[in-house]
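# Summary of the model geometry
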Amino acid sequence: MADQDETVLKTEKSKENGKMNDSVPELDDTEPPKVIITAPPTMSIKMISNKLQKPSDESDNKDSDDCQIILPKTEIIDITDDICDKDETSEETNEIGKVVDNNDDIKDAQTIITLKEEPKQPETEVISEDEMPVDNMPVDTEAVSEDELPPTTLADQTEIVSDEELPSENGTAKTKRCKIPEEKEDDHESQPVKKVKTEEVKPITELDKFWQAVKDDPSDFAGWTYLLQYVDQENNVENAREAYNKFLELYPYCYGYWRKFADFEKRNNNKEECEEVFQRGLSAIPLSVDLWIHYMTYLKTQHSDNVDRIRSKFEKGLETCGLEYRSDRLWDHYIKWEIEQNKLVNAFNIYSRLLATQTLGYLQHFENFKEFVNKNSPDKILNAKEYLELRQQVAERMRLNGNEEMLADDSAPPGEEENTFLSDVSEKELALLKENIIESKQKINKETGKEIAKRQTFEEGIKRPYFHVKPLEKCQIDNWKNYIALEKEAGDHQRIVVLYERCLIPCALYEDFWLSYLDYLESLDFDVSDLLKSLFLRACLVHHRKSPELHLKWSAFEESKGNLDKAAEILKNLDDAVPHMLQIIYRRINLEKRRDQLDRVCELYEHYINTSHTKFLTSNIAIKYARFLWKCASKIDKAIELIAEIINKDKDNMQDNARLLLQLVELKMSVEPLNEKSVIQIFDEILSMSSVNLEQKILFSQRKLEFIEDYTCDYTSLRKATNEFKSYSELLAKEKKKALAAVEEEKSRIEKEMKAKQAQEIAASSNSQTATTNYQPYNSTGYYPQQYATGYNQTAYQQYAPTGQDYSYQYQNWSYPQATNYNQTWGSYNYGGTGSGGSGGY
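Residues numbered from 1 in each chain as written. Predicted model: local features only at pLDDT ≥ 70, side-chain atom pairs only at ≥ 80, totals over all residues. Heavy atoms only, no water.

## Brief notes about the environment of K336
Where we set the bar: Helix and strand assignments follow DSSP, with helices taken as H or I runs no shorter than four residues and strands as E runs no shorter than two, numbered in order from the N terminus. Using a 1.4 Å probe on the protein chains alone, a residue whose accessible area is under 20% of its type maximum counts as buried, one over 50% counts as exposed, and one in between counts as partly exposed.
Relative to the assigned elements, K336 resides in helix α10 (residues 328-340). For K336, a relative accessible area of 55% corresponds to the exposed category. Sequence separation between K336 and A347 is eleven residues; the distance between their C-alpha atoms is 7.8 Å.

## Side note on the state of the cysteines
Put simply, the test is: Counting rule for disulfides: a pair of cysteine sulfur atoms within 2.5 Å.
Within this structure, the stated rule accounts for zero disulfides. Summary of cysteine pairing: C503 is not part of a disulfide, and the nearest cysteine sulfur, belonging to C507, is at 4.0 Å.

## Quick word on the packing of helix α26 (residues 658-669) against helix α27 (residues 676-687)
Filter applied, for reference: Working convention: axes come from line fits to C-alpha atoms, limited for helices to the stretch in contact. Angles between N-to-C directions cover 0 to 180 degrees. Angles are sorted into four bins: roughly parallel if under 35 degrees, roughly antiparallel if over 145, roughly perpendicular if 65 to 115, and oblique for all others. Throughout, a crossing is termed right-handed when the near helix is turned clockwise from the far one, and left-handed when it is turned anticlockwise from it by less than a right angle. It only takes one pair of heavy atoms within 4.5 Å for two residues to be counted as in contact. Under the convention adopted here, Pro, Cys and the residues Ala, Val, Leu, Ile, Met, Phe, Trp and Tyr are nonpolar, Asp, Glu, Lys and Arg are charged, and Gly plus all remaining residues are polar.
At a minimum axis distance of 9 Å, the contact between α26 and α27 shows a crossing angle of 170°. The angle between α26 and α27 places the two elements in the roughly antiparallel class. By crossing handedness, the relation of α26 to α27 is classed as right-handed. Every residue of α27 that contacts α26 at L661, L664, V665, K668 and M669 is listed here: S678, V679, I682, F683 and I686. Classifying every residue of the contact of α26 with α27 gives eight nonpolar, one polar and one charged.

## Focus on the pattern of salt bridges
Note the threshold: Definition used for salt bridges: Asp or Glu carboxyl oxygen within 4 Å of a side-chain nitrogen of Lys or Arg.
Per the stated rule, a full pass over the model turns up 36 salt bridges. A salt bridge links E459 to R502; the nearest nitrogen and oxygen atoms lie 2.9 Å apart. On the criterion of sequence distance, the pair formed by E459 in helix α15 (residues 427-460) and R502 in helix α17 (residues 493-504) is long-range, its members being 43 residues apart. Take E459 and R502: they sit in the same class, and that class is buried. Counted as one network, the salt bridges with shared partners bring together E451, K454, R455, E487 and R495.

## Focus on helix α19 (residues 529-543)
This is how it is decided: Here the expected span of a helix is defined as 1.5 Å times the quantity of residues minus one.
In a regular helix each residue adds 1.5 Å, so 15 residues correspond to 21 Å; α19 covers 20 Å between its end C-alpha atoms and thus fits that length. When we look at burial in α19, the residues that qualify are S529, L532, L535, F536, R538, A539, C540 and H543. Buried positions along α19 lie against α17, α18 (511-522) and α20 (548-560).

## Focus on the confidence of the model for the protein chain
We apply this condition: Confidence scores here are pLDDT values: one per residue, from the predictor, ranging 0 to 100.
Summary statistics for the protein chain give a mean pLDDT of 74 and a share of 64% for residues scoring 70 or more. Ranking the helices and strands of the protein chain by mean pLDDT puts α18 first, with 96, and strand β6 (residues 111-112) last, with 36. Below a pLDDT of 50 lies the segment residues 17-197, which in the model reaches 245 contacts outside its immediate sequence neighbourhood of four places, other chains included. Here residues 770-842 is a poorly scored stretch, pLDDT under 50, and it has 125 contacts once near neighbours within four places are set aside; other chains count.

## Considerations on the packing of aromatic side chains
Quick note on the threshold: Ring pairs shown here join Phe, Tyr and Trp side chains whose ring centres sit within 6.5 Å, with only the six-membered ring taken for Trp; geometry is labelled stacked below 30 degrees between planes, edge-to-face above 60, and tilted in between.
Counted by the stated rule, this structure contains 26 aromatic pairs. Note on W224 and F247: the rings are 5.9 Å apart at their centroids and 50° apart in plane angle, and the pair reads as tilted. Remark: F247 occurs in helix α5 (residues 237-250) and W224 occurs in helix α4 (residues 221-234); sequence separation between them is 23 residues. With relative accessibility at 4%, the residue W224 sits in the buried group. Seen in terms of ring centroids, Y244 and F261 are 4.8 Å apart; in terms of plane orientation they differ by 5°. Their pairing is stacked. With a gap of 17 residues between them, Y244 in helix α5 and F261 in helix α6 (residues 255-267) connect regions that are remote in the sequence. Here the two residues Y244 and F261 agree in accessibility, since each one is buried.

## A few points about the side chain of E324
Inspection of the secondary structure assignment puts E324 in the loop between α9 (307-321) and α10. Not counting chain neighbours up to four residues away, the residues in contact with E324 comprise L287, Q358, T359, V498 and R502.

## Remarks on unusual backbone geometry
The omega angle of the peptide bond from E672 to P673 is -5°, so this bond is cis rather than trans. Despite not being glycine, N269 has its phi angle at roughly 60°, a positive value. Structurally, N269 is set in the loop between α6 and α7 (271-284). With a phi angle near 60°, H580 is a residue other than glycine that sits in the positive phi range. Relative to the assigned elements, H580 resides in the loop between α21 (564-577) and α22 (582-594).

This is the structure we're talking about:
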């Protein structure tokens, strides 16, 4: 009995300790594992895994693992595993874990985990990642990282408690011990099984970050450079091609990135793609000397046996950018390659062209040429004809000097003895031959130097000959403009074109240079269509995609060549890029009119009227459309209906759209036969509108009076219109008088304030015994200083005559044109001496 009492006391003590969150009950080896859930004020599940130990190792029980789960419940539930056998526990010498899957009622429960590892055999519980919140962790728990969680091999020693096995309200429950099966989808929708694993989110790579930066802002040049640097180091062909192509579409003048792109393809043994990149780059920026040299170096290494192809590409390069001031290195590469091929005649001919070309290193080229001539025999560097002519010149020079006589070769045919010389050449003759060659080229080189001296200042002023998104200094922009003006005065078309092309590389983002280049090409009296087309493509599709002036010029150019469809396409694309611009709208409509597409004209007019975003735009397009219907389509009734509909939509705000009202009057007066009553009715409706101000009503009443006088014989209507006009004029005079009185009152108030302020300043100055402040004294004539009166527009009322005048209607002095030309400016009429009124007409 005593033993039983002790057992009961121990059991009660263990239960009491299990209710407390800050202690772990110690269990005997023979006692089955318990799961105790306590939660006042919240439900708490405490999982305890006892380790079966040897009798001599009892001190290690204090390191047993525990897991505490806090659930939002108020009842206390004890779950005891009664199925555990002694044989079963003896086999599991490492660890017993428990996994609890919460049902739908406790899915929001907060879980706190404490894991303590044994040095040899860790005893942990497998818990899903979703059940491991970081917030609200008790002080006595230990934070465990994901790396410290147990491996998946412990799944064979864990327990699964299903939703059905959770404790019921009466506190009874059943548990099962089994192995964790493989994850399978449950066929029964009524009993879904929660998965421990969560869906993995695809991580954002470094490449994605670089791409996102340039997608958010395509003009971020630095972002593009970082992206290209990354793909070049990554060495992924697809990623690199995508990045390089997108970048070079925006910035084709960056020759360095064409070179890097080609090197990337070459590094990956893509020879065809590499040459394609070179061709695209040289087409985009043909004046890039560095890119040409890089391309020729590639050809010499990859196609060294194809001499003709290399020579043709060198010639193409010199033709394209040989006149570039800094093209010296390309010339040198060509000459050196011809010498390597033992084609000295070709090298001599290249030197002859180079010495006549204005380049930066013209003096060094002449020194190199002299060394070339002195090193090689004249008959090796000149063709046969040039060599014989030169020897004859030298012979005549020697005869004149009386030094030596040249002997003719007896084997020469009759009649050609003068051009045939002995094969042996004396040293003196050889020196003279070389001297003559050098002298002949020296004269050419001196002329080249003179031309370079004229341009030296401008060339030195070019500090940035390459492209960059950073703006240029004003001095450099002016330098380019002055340089171009100098070349235009010289009149060499080829040099002018090369200079413009050079200028467009650093000044590509400046629209003025593109327009100047276009104006020059359009002023020529010979055909340069290919050059114009290339210029329009580069300007409008690359560097200035939203420039109205450039696109309108391009459209006009295509129309002049008969490409009406292309011209219409250009205008449509421009309209999409720069919407709601009247100049573009009218150009599109007028182009369709010239194409005799009248239905299309009507569609465009109606489209723009329905989509316009301002009243100004709507009224202008509507007036144009009404005139088109009236004059071109002979549909005046439809035109009247159109204008009337737009007026009715904005009837309460016609003060800013008086042109619509005037257009409606003009259309009504143009109907044949003329309906006087209808026109007078339109005038009356306009005068009854509250949104029409008083000055506009005076103008419309004046027009009404003129119409009645010119087109009707009803004296009553004429008298009524006269009185109406007079009443409006008198009312306007009264309002002006009130306005003038208000201005005078305001002036008086300001003068009083100024006097008070001046008195305060004088008092303050006398009290402090300092110099008087610098203020503008009040003018005794009654006018206040100018700076205090800038807010009052006195001139606005100077146009009105003094009140009290006779408003007699002097209609005999007015003239009224015919209805078809009813465009007289309203402001020209003098109604009753009250002033000019305002500007009318349209």
